[in-house]
Amino acid sequence: MPTEIIAVSEKIRSALNLAKELAKTNITILILGESGTGKEVFAKFIHENSQRAKMPFIAINCGAIAQSILESELFGHERGSFTGAVATHKGYFEAAHGGTIFLDEVAEMPLETQVKFLRTLESGEFQRVGSSETLRTNARIIAATNNSLEIAVANRKFRADLFFRLRVATILLPPLRERREDIFILTEHFVHEFEKKYQVKFLGFTTEATQELLEHRFSGNIRELRNLVEILVALEHKTLVTPQILKKHLAIPLSFAPTIIEHSQTHPHPHSIDTNSLALLSEMYSDIKDIKVILTETTSDKRLLLPASNTPSATPDTSNPITKTYSFDPEANVLKLAELEQLAIIHALNKTHGNKRQTALKLGITERTLYRKIQHYDIRTDKNSK
């Protein structure tokens, strides 16, 4: 099946558009992001949308292979070149000829291997361990890391020339905590995936459990969310998931320490990563509190619910600039993501008395995006509101 990237957030949609454009080229790509943000998924997507799609895609985690044998795995070795080399072995670069090689955790590559890797990156040439014969590969290289390569270069753990050669094009994948609007659509996607796998019907989450899901930090990002949904569908599908059930399966929160560290402001460059996570942490929790208010104000039932007619009902409210409101039926279906987004926009507009600029800030989106969503959902606002 073709690789699918599930997201509604502007940050990921932007990264996806860039990936589509880069797929048309043979440019070397560096993908940056914390563990579990989907770096390999993006690499596969680029390969599948390139002219190399019918050729091999080989993924290697440089941090999962012992440094003593990484060079042999990448470039291959000749029989008898070292103890245990009982036969000639083709390396990954040779096997990926004509296709794409994805080097995850490239920052873990030892310096001596980096020298040979740089040569391959620049000329396509390499030699197997124990051989003087020069071979060539036409593999496209996509590298990824969850560490700051700038810091690794400064600490002399990563070659500067290799760093500059790798970052010809850079894709940054933000952590899940910085794109919480993707949590629901990803959860829905994983629920369908594991319902099919385990041949069960998942009943869903209570409103309180949904709040807990939104508030969780997801230090493991999408990988953690996927694992959580799998265990819930497999073991807890017979009942609505409550906060107590959810907490039983949630990973223990780690201290807030993003692995990609913002560089000192005295060393800026075009590809440095701007997290500002600590400064924005309080704002993030403020946004979550707003979502909690939406949930508690719109329904007293234990589930997220659809409007009575399954569609938003436009009921004028002369006391508020926002004229689109919702009515709920206790026996209705589970609220859809698009309807939850409408509720979030309407609630934020109510809180700011229709001020578009403040609303966009509260929702963490641009004013342009807000106007587009207002038009898309046909949310009527006071013409005098800014």
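Our structure is the block above this text.
Because the structure is a prediction, the values reported are computed rather than measured.

Novice: Help me out: how do you make sense of the packing of helix H14 (residues 356-363) against helix H15 (residues 367-376) in this one?
Specialist: When two helices pack together, their arrangement is captured by the angle between the axes and the distance separating the axes. Running from N to C, H14 and H15 point in directions that differ by 100 degrees, and their axes come no closer than 9 Å. Between H14 and H15, the angle is such that the two are roughly perpendicular. Taking contact as the criterion, the partners of Lys 356, Arg 357, Thr 359, Ala 360 and Leu 363 in H14 are, on H15, Glu 367, Leu 370, Tyr 371 and Ile 374. Here the contact of H14 with H15 is composed, by residue class, of five nonpolar, one polar and three charged.

Novice: Explain the side chain of Thr 100 to me, please; I cannot follow it from the model alone.
Specialist: Here Thr 100 shows up in strand S5 (residues 100-104). Side-chain polar atoms of Thr 100 contact the side chain of His 47, separated by 2.8 Å. Residue contacts for Thr 100: discarding those within four places in its chain leaves His 47, Arg 52, Pro 56, Phe 57, Ile 58, Arg 140 and Ile 142.

Novice: Please clarify how the pattern of salt bridges should be interpreted in this entry.
Specialist: Side chains bearing opposite charge may pair, as long as their charged atoms lie close to each other. Counted under the stated rule, the structure contains 16 salt bridges. Residue Lys 44 pairs with Glu 40 through a salt bridge whose shortest N-O separation is 3.9 Å. Separated by four residues within a single helix, Lys 44 and Glu 40 lie in helix H2 (residues 39-48), roughly one turn from each other. Judged by relative accessible area, Glu 40 falls into the partly exposed class, the value being 33%. The partner of Arg 119 in a salt bridge is Glu 125, and the shortest N-O contact between them spans 3.2 Å. Put simply, Glu 78, Glu 94 and Arg 128 are held in one network by salt bridges that share partners.

Parameters and conventions
- Residues numbered from 1 in each chain as written.
- Predicted model: local features only at pLDDT ≥ 70, side-chain atom pairs only at ≥ 80, totals over all residues.
- Heavy atoms only, no water.
- Axes fitted to C-alpha atoms, helices over the stretch in contact; angles between N-to-C directions.
- Helix = DSSP H or I, 4+ residues; strand = E, 2+ residues; numbered from the N terminus.
- Parallel < 35°, antiparallel > 145°, perpendicular 65-115°, else oblique.
- Contact = heavy atoms within 4.5 Å.
- Nonpolar A, V, L, I, M, F, W, Y, C, P; charged D, E, K, R; others polar.
- Polar contact = N/O pair within 3.5 Å; in protein donor to acceptor, adjacent residues only side chain to side chain.
- Salt bridge = Lys/Arg side-chain N within 4 Å of Asp/Glu carboxyl O.
- Buried < 20%, exposed > 50% of the residue type's maximum accessible area, 1.4 Å probe, protein only.

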